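Below, each chain spelled out in residue letters.
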Amino acid sequence: MTSQDKDGPAAEVGVTVGDCSPEDAHTVLDLLEHSFSAESGAGRSAGAGPTATVWSATLDAAKPTAARARPVRLTDTVGVTLQGGPRAVERVKAALAGHFTVEDTGAVSGDQEQEIGLRLSS
């Protein structure tokens, strides 16, 4: 049984990035997509229109990949929301904390799912 099989759907984490420049949003999503497998066929999406204000991706947090060696920098603070199973959300948060200063901005826990808000800075 693989870690994907053990964690099942609880390993999926929805990531929403906003309150930032497109460049900073792509920096965060690129880092996460290199740290975890992106869900097959899901990819990345942006809000409607040429001036998107929210970017999102779905990650498979059961399969961490090699950490990115080079440092990543943000030009300003970035708002991130993580939603998924508690263990998977913690894995993604830990990956972000390995590269950025992470400030918790709120959390909502359900029966088997958790949503947390974060503010990232370099």
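Given the structure is predicted, the values throughout are model-derived calculations rather than measurements.

Now for the overall build of the protein chain. Along the protein chain, the regular secondary structure elements total three helices and seven strands. Counting helices and strands in the order they occur from the N terminus, the protein chain gives α-β-α-β-β-β-β-α-β-β. Taken over 122 residues, the protein chain has a buried fraction of 37%. Taking all contacts inside the protein chain whose residues are at least 6 apart in sequence as the whole, residues at least 24 apart take part in 71%. Summed over all atoms, the accessible surface of the protein chain reaches about 6600 Å², with 49% contributed by carbon and sulfur.

For residues other than glycine, phi is negative in most cases, and the peptide bonds are mostly trans. Despite not being glycine, D19 has its phi angle at roughly 55 degrees, a positive value. Here D19 is to be found in the loop between β1 (12-18) and α2 (22-35).

Here is what the cut-offs are and how they apply
- Residues numbered from 1 in each chain as written.
- Predicted model: local features only at pLDDT ≥ 70, side-chain atom pairs only at ≥ 80, totals over all residues.
- Heavy atoms only, no water.
- Helix = DSSP H or I, 4+ residues; strand = E, 2+ residues; numbered from the N terminus.
- Buried < 20%, exposed > 50% of the residue type's maximum accessible area, 1.4 Å probe, protein only.
- Contact = heavy atoms within 4.5 Å.
- Areas by Shrake-Rupley, 256 points an atom, 1.4 Å probe, with all protein chains shown as cover.

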